[in-house]
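Understanding the architecture of this molecule
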Amino acid sequence: MTRRLRPEDAPTYRDLMLEAYAAHPDAFTSSPSERQVLPMAWWEGRLSTDTHANECVFGAFDASELVGVAGLSFQTREKLRHKCSVFGMYVRPSHRGHQLGDGLLCAVLNVARQRHGVSLAQLTVTEGNRAAVALYERHGFVTYGIEPQAVAVPSGAVTKLHMWLPLRA
Ligand SMILES: CC(C)(COP(=O)(O)OP(=O)(O)OC[C@H]1O[C@@H](n2cnc3c(N)ncnc32)[C@H](O)[C@@H]1OP(=O)(O)O)[C@@H](O)C(=O)NCCC(=O)NCCS
């Protein structure tokens, strides 16, 4: 089952993201140390379901266990409001390869398509992350830029692909 997360999901969402940042330092710009000091209110705010919330996060559940997540963030500045970004895509290793990532990406892109005035989605992904790149390309994302040494990680610095998807014909 995939559904939008709510503020009361914040503790489990936080646990899953801290697991993701620790397990995949090359894939995420956030680090566990940077994020674990943030108050629970920060995580709750990210999951706000207010009509005018600028972010939303969907979760995939196996029974009651949260096993995957994907987020969407809308730009707020007047001249950037036609854009949104996919962030924080993660599926627990035990649940990969079962189209959960696919369902999560569909869910956030549906929200993007329904938002008045939003015409494109963007994301960044680490070069060489074949599973993630395959998933994004399957949904129509195209690479428009390559950023060398984009993020400093324990193994050095990784290159980021910048991808975009027009949401309307
Ligand atoms: C990327 C990720 C979310 C995909 O989750 P998932 O639930 O396994 O995704 P899906 O099952 O919907 O699809 C995965 C696709 O990638 C493919 N894939 C898996 N591993 C692959 C690999 N090493 N090389 C190429 N393709 C691969 C699968 O075959 C599948 O494609 P298919 O349906 O055409 O066969 C998951 O691998 C993950 O959490 N990775 C670690 C965190 C991460 O990298 N997040 C992305 C940050 S941008």
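Structure: above.
Residues numbered from 1 in each chain as written. Predicted model: local features only at pLDDT ≥ 70, side-chain atom pairs only at ≥ 80, totals over all residues.

1. Let's talk about the environment of Leu5
- Examined against the element boundaries, Leu5 turns out to sit in the loop between strand E1 (2-4) and helix H1 (10-23).
- A residue is classified by how many C-beta atoms lie within 10 Å of it, and Leu5, with 20 of them, is buried.
- In sequence terms Leu5 and Gly59 are 54 residues apart; their C-alpha atoms lie 6.0 Å from each other.
- In this structure, Leu5 is in contact with Tyr13, Leu47, Val57, Phe58 and Gly59, ignoring residues within four places of it in sequence. (Helix = DSSP H or I, 4+ residues; strand = E, 2+ residues; numbered from the N terminus. Buried ≥ 20, exposed ≤ 12 C-beta atoms within 10 Å, placed from the backbone. Contact = placed C-beta atoms within 7 Å.)

2. What about the pairing of strand E3 (residues 65-74)?
- Sheet analysis places strand E2 (residues 55-62) next to E3, joined by 8 bridges and oriented antiparallel. Counted as the bridge partner of Gly59 is Val69 from E3.
- Inspection of the sheet shows E3 paired to strand E4 (residues 83-91) by 6 bridges, in the antiparallel sense. By the bridge assignment for E4, Gly68 is matched with Val91. (Pairing = 2+ DSSP bridges.)

3. Some remarks on H1
- Its 14 residues give H1 an end-to-end C-alpha distance of 20 Å, which sits within 8% of 20 Å, the value for a rise of 1.5 Å per residue.
- Residues Tyr13, Leu16, Met17, Ala20 and Tyr21 constitute the buried set of H1. The arc enclosing the buried residues of H1, seen along the axis, measures out at 135 degrees, which places them on a common side. In H1, the exposed residues that point more than 90 degrees away from the buried face are Pro11 and Asp15.
- Looking at the packing, one finds that the buried side of H1 touches helix H2 (32-36), helix H3 (40-46), E2, E3 and E4. (Expected span 1.5 Å × (residues − 1). Arc of directions from axis to C-beta.)

4. A word on the site of the ligand
- Surrounding the ligand, one finds 19 residues, the nearest of these being Arg96, Gly101, Asp102, Arg130 and Ala131.
- Contributing elements (two or more residues each) for the shell around the ligand: E4, helix H4 (100-114) and helix H5 (130-138).
- With 5 residues, the top contributor of residues to the shell around the ligand is H5.
- In the shell around the ligand, the residues fall into 10 nonpolar, 6 polar and 3 charged. (Near = placed C-beta within 6 Å. Nonpolar A, V, L, I, M, F, W, Y, C, P; charged D, E, K, R; others polar.)

5. Let's talk about the environment of Gly145
- Position of Gly145 relative to the elements: it lies in strand E6 (residues 142-153).
- The class for Gly145 is exposed, based on 11 C-beta atoms found within 10 Å.
- The sequence separation of Gly145 and Trp164 amounts to 19 residues, and the corresponding C-alpha distance is 9.4 Å.

6. Describing the environment of Gly59
- Take Gly59: it is sitting in strand E2.
- Contacts of Gly59, omitting those with residues within four sequence positions, involve Thr2, Arg3, Leu5, Asp9, Leu66, Gly68 and Val69.

7. Details of the pairing of E4
- Counting buried positions over the 9 residues of E4 gives 7, a clear majority of the element.
- Of the pairings in the sheet, the one linking E4 to strand E5 (residues 120-126) comprises 3 bridges and is parallel in character. Among the inter-strand pairings, Ser85 is bridged to a residue of E5, identified as Gln122.
- Handedness of the β-α-β unit built from E4, H4 and E5 comes out right-handed. (Right-handed = clockwise from strand over helix to strand, strands pointing away.)

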